[in-house]
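This is what each chain is made of:
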Amino acid sequence: MSMERRIENLKILEKRFPGISKMIEEKEEKLLKKEALYVAEETAFTGEKILTVEKDSRKLYLAGRRDPSAHPRNQISVLGQIIPNAPVFMLGMGNLNYLKELVKTTDESVIFLIYEPFFSIFYKQLELADFEAIFENRTIVLIIGGINEDGLEGLIVSMLQGDKVPLMKYFVLPNYPKLCLDQVKIFLNYLTKYSTPYYIAIGTNLFFSPYQAENFYHNVQYIKDGYRASRLLKVLPTDIPAFVIAAGPSLNKNIKELKRAKGKGFLIAVDTAIKPLLREGIIPDLFVTLDGIKPVELVEEEQAKEIPMLTKVTAARSVMDYHTGKKFFINEGYRYVDQLYKMNGKSIQGFSVGGSVATYAFALVCHLGFRKIVFVGQDLAYTDNKSHADGTFQEKMEEEDTEKFMMVPGNYQEQVPTLTNLDGYRKWFGEFISEWEKTHYVEFINATEGGARIEGTKLMPLAEVIDQECKKEVDIKSCINSLEPEFTEEEQNRIVDYFHDTPKQVHEIVRLAREGKKIYGQLDKLCHYGNMDKRAYVKLLKRVKKNRKKIEENVNYDLLMQSMIRAEQIIRSGQYFSYDTMEEEGLELARQGKKYMELLEEYALIIEGYTEQTVAKAI
């Protein structure tokens, strides 16, 4: 049976990661011999098969002997809700209990990266686990020691792009620090290396990143007068080409040509391309801004104020306030926003958008149904050793030293220099196009006259594209202006009432955090006694679960979790150890829980203050 299971699992992996079966076949004998790791099976009290590993004459369990799922459930519960689109990192496959629990409790948009340092443990799971049942339709990246671990750093970089850092969760499975401390350090160093600059850039401290919540409660008021992006489906013609305009350095070469596409195509631009376009007399039909720390200077042009904008409720407040035109939103997974629509008998749609303004713009035109989509200025590389087109961050962008940059296939050159994050976006475009073409008839044209190659696109000079495709005259501005307001006056009043009630909603989290702290205090006392009352222990755990459920059901909790992401480091110090007794496990759970509730109360009070200064004053 184990051989049959291994063959089936390898088939499943081959579909997800083409070529991996051959790599495993070529290296398995050598890696198993090199690691010399004895991986055995035992049966837990629940009857489930669990793995053990012997190291230095000591047997280490990769899951709890009483209930293998208990520790993952408790740890996931303590660390709180994982919101849609979050990146989740795990060091270790273990018995796959963590992955099973996470798959059960998270949205399908959550992306997992599993790094298993030991080929021997992975190889054993090939014989035991049902990868099809566990992986389902989830996006799961698998890094295996000796097979593809060279790609670990690059994948972490690509998963932490844009505003993904505050959403991140990570787990180091029990006993792995005892098995491979060096790999654990490398793994954690990568996460720190590529998340720390994000927080430094926004001037936050180690423990609290409030800007997401500040932006959210300030900007969510624009929902009342804003529009769902999906409504563009009803007013935009799709028999014209859609031009997705980024601000790559090659935009300098053909930007003037775009003037001929105006009124004969749909021009959607990223925020950094606004100034170069306007200076050429080209007003895009829509622009995209997403980042929570974007400087308003990038779009600070009088003409830019009224250009319709696709954005997020966590985008930079300065840009949102400067802009006075129509604002379009998609569903980002915030329950607070969902509620504004739901209370008025409506819903807001969402879709896979990638991690940048360019991927966002591209995903939108795909979902709007355009049949010809044209990339312009989408270099995804340092064309002519420059990062952006002239007129974006500087009047004349300086050349940079790209000698140590990674090299990827180019559009017009064999190889071009780029960075790992840009290459991640390049691959995202290629994968999206490959999947989209399976169910939609679309022609993807790359009119970026330089830059990196995007798989699935046809190369054409921009002038040729415009000559060939821009035949029909269309007044896009009138189309968008024809949209009726999203909410009636009565519905807007209902939303304002909800805004005014928000401080009370947030204060309920404060109350529940105080209650939770008391419950964990009771658990701590109980576990300090000898001969612990197990029924009382179970009863307290049920109260913990009920308390956490109430907290997580609060629609404002999503913002708290984004703000508190760095605070998790404080309560993680005990998560890597396994416990021989229920008392020991209970004491650690109480320690983590009390600290977590203290932080939750503190930060909820801060966010309550934000709501009092923003939505509570909405008119």
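Since we're looking at a predicted model, the values are computed, not measured.

**What to know about the overall build of the protein**
- Tallying secondary structure elements over the protein gives 23 helices and 18 strands in all.
- Here the protein has a C-alpha radius of gyration of 26 Å; the compact-globule value for 619 residues is 25 Å, and the two agree.
- C-alpha atoms of the protein, sized along the principal axes, occupy 80 × 60 × 40 Å.
- Burial analysis of the protein (619 residues in total) assigns 57% to the buried set.
- By sequence separation, contacts in the protein at least 24 residues apart represent 72% of the contacts at least 6 residues apart.
- Carbon and sulfur atoms make up 50% of the accessible area of the protein, which amounts to about 26,900 Å² in all.

**Re the packing of aromatic side chains**
- In total, this model carries 22 aromatic pairs according to the counting rule given.
- Ring geometry for F119 versus F122: centroids 5.9 Å apart, planes at 55 degrees, classification tilted. Note that F119 and F122 are positioned in helix α5 (residues 119–128) at a spacing of three residues, about one turn of the helix.
- Ring centres of F375 and F429 lie 5.1 Å apart, and the angle between their planes is 75 degrees; on these two criteria the pair is classed as edge-to-face. Within this pair, whereas F375 is found in strand β14 (residues 372–376), its partner F429 is found in helix α16 (residues 420–436), the two being separated by 54 residues in sequence. Taken individually, F375 and F429 each receive the classification buried, so the pair is uniform in this respect.
- Each member of the aromatic cluster is reached from another via a ring pair, and the members are F362, F375, W428, F429, F432, W436 and F444.

**A look at the nonpolar core**
- Core analysis: the largest hydrophobic core is formed by 76 residues, its most contacted members being L236, F243, I245, F266 and F362.
- When residues in this core are grouped by element, the largest group, nine residues, is from helix α15 (residues 357–367).
- When residues no more than four places from it in sequence are discounted, the contact partners of I245 are L251, L258, L267, I268, A269, V270, A273, L277 and V376.
- Judged by nonpolar contacts, the second largest core, of 65 residues, contains F89, L142, M168 and Y170.

**Observations regarding the pairing of strand β9 (residues 242–245)**
- Of the two faces of β9, the one carrying A242 and V244 and the one carrying F243 and I245 are both buried.
- Bridge count for β9 against strand β10 (residues 266–270) is four bridges, and the pairing is parallel. The residue of β10 that forms the bridge with A242 is F266.

**Digging into empty space enclosed by the protein**
- Applying the stated criterion across every chain yields a total of five cavities of 30 Å³ or more.
- Approximately 70 Å³ is the volume attributed to the second largest cavity.
- Along its surface, the second largest cavity is lined by 14 residues, and L62, A63, P68, P72 and Y98 are the ones closest to its centre.
- In terms of residue class, the lining of the second largest cavity is built from nine nonpolar, five polar and no charged.

**Here's the deal with the side chain of S387**
- Within the secondary structure, S387 sits in the loop between β14 and β15 (406–409).
- At a separation of 3.1 Å, a polar atom in the side chain of S387 contacts the side chain of H388.
- Contacts of S387, omitting those with residues within four sequence positions, involve P249, Y382, M397 and E400.

**Thoughts on the packing of helix α20 (residues 534–553) against helix α23 (residues 582–613)**
- It is the contact of α20 with α23, at a shortest axis distance of 12 Å, that shows an interaxial angle of 25 degrees. Looking at the two axes, α20 sits roughly parallel to α23. With respect to the hand of their crossing, α20 and α23 are arranged in left-handed fashion. Taken together, the residues of α23 that come into contact with α20 (itself represented by K534, Y537, L541, N547, R548 and I551) are M582, E585, G586, L589, Y596, M597 and L600.
- A breakdown of the residues in the contact of α20 with α23 according to their chemical character gives eight nonpolar, two polar and three charged.

**Concerning the pairing of strand β4 (residues 87–91)**
- Among the five residues that make up β4, five are buried, leaving the element largely enclosed by the rest of the structure.
- Residues P87, F89 and L91 of β4 are buried on one face, and the alternating residues V88 and M90, pointing to the opposite face, are buried as well.
- Handedness of the crossover is the feature at issue here: the chain leaves β4, passes through helix α4 (residues 97–105), returns alongside strand β5 (residues 111–116), and the resulting connection is right-handed.

**Regarding the sheet that holds strand β3 (residues 58–61)**
- Taken in spatial order, the three strands line up as β1-β2-β3 in an open sheet, and their pairing is antiparallel. Pairing within the sheet leaves two strands with one partner each, and these edge strands are β1 (38–43) and β3. Strand after strand, the sheet turns through a mean of 35 degrees between neighbouring axes, direction not considered.
- Sheet analysis places β1 next to strand β2 (residues 49–55), joined by six bridges and oriented antiparallel.

**Considerations on the pattern of salt bridges**
- The full count for this structure, using the stated rule, is 36 salt bridges.
- In this structure, D524 and K594 form a salt bridge, with 4.0 Å as the shortest nitrogen-oxygen distance. Of this pair, D524 sits in helix α19 (residues 489–528) while K594 sits in helix α23, and the two are 70 residues apart along the sequence.
- A relative accessible area of 26% places K594 in the partly exposed class.
- A cluster of three or more residues bridged by salt bridges with shared partners is formed by R6, E41, K124 and E127.

**Re unusual backbone geometry**
- With a phi angle near 45 degrees, A36 is a residue other than glycine that sits in the positive phi range.
- The residue A36 is located in the loop between α2 (20–35) and β1 in this model.

**Observations concerning helix α17 (residues 462–469)**
- Within the span of α17, buried status applies to L462, V465, I466 and E469. Along α17, the residues classed as buried sweep out an arc of 95 degrees about the axis, all on the same side.
- Buried positions along α17 lie against β9, α11 (251–254), β14 and β17 (443–446).

**Considerations on the environment of F119**
- The class of F119 is buried, set by a relative accessible area of 0%.
- Spatially, the C-alpha atom of F119 lies 9.9 Å from that of K34, the residues being 85 residues apart in sequence.
- With near-sequence residues (within four places) excluded, F119 lies in contact with I24, E28, L31, L32, E35, I144, G145 and I147.

**Examining a negative patch on the surface**
- A cluster of acidic side chains, namely E398, E400, D401 and E403, defines a negative patch on the protein surface.
- One can find E403 in the loop between β14 and β15.
- Judged by relative accessible area, which is 70%, E403 ranks as exposed.

**Thoughts on the environment of L91**
- Relative to the elements of secondary structure, L91 occurs in strand β4.
- In this structure L91 touches Y115, P117, F171, V172, L173, Y176, Q183, V184 and F187, once residues within four positions along its chain are discounted.

Basis of the calculations
- Residues numbered from 1 in each chain as written.
- Predicted model: local features only at pLDDT ≥ 70, side-chain atom pairs only at ≥ 80, totals over all residues.
- Heavy atoms only, no water.
- Helix = DSSP H or I, 4+ residues; strand = E, 2+ residues; numbered from the N terminus.
- Rg over C-alpha atoms; globule rule 2.2 N^0.38 Å.
- Buried < 20%, exposed > 50% of the residue type's maximum accessible area, 1.4 Å probe, protein only.
- Contact = heavy atoms within 4.5 Å.
- Areas by Shrake-Rupley, 256 points an atom, 1.4 Å probe, with all protein chains shown as cover.
- Phe/Tyr/Trp six-rings, centres within 6.5 Å; stacked < 30°, edge-to-face > 60°.
- Core = buried A, V, L, I, M, F, W, Y, C linked by side-chain atoms within 4.5 Å.
- Pairing = 2+ DSSP bridges.
- 1 Å grid on protein atoms, 1.4 Å probe; cavity = no way out; pocket = protein on both sides within 12 Å on 5 of 7 lines; lining within 4 Å.
- Points joined across faces, edges and corners; volume = space filled by probe spheres on them.
- Nonpolar A, V, L, I, M, F, W, Y, C, P; charged D, E, K, R; others polar.
- Polar contact = N/O pair within 3.5 Å; in protein donor to acceptor, adjacent residues only side chain to side chain.
- Axes fitted to C-alpha atoms, helices over the stretch in contact; angles between N-to-C directions.
- Parallel < 35°, antiparallel > 145°, perpendicular 65-115°, else oblique.
- Left-handed = near helix turned anticlockwise from the far one by under 90°.
- Right-handed = clockwise from strand over helix to strand, strands pointing away.
- Salt bridge = Lys/Arg side-chain N within 4 Å of Asp/Glu carboxyl O.
- Arc of directions from axis to C-beta.
- Patch = residues over 30% accessible without salt bridge, like charges linked within 9 Å, V, L, I, M, F, W, Y side chains within 5 Å.
- Lys, Arg positive; Asp, Glu negative; His and termini not counted.
- Charge placed at Lys NZ, Arg CZ, Asp CG, Glu CD.

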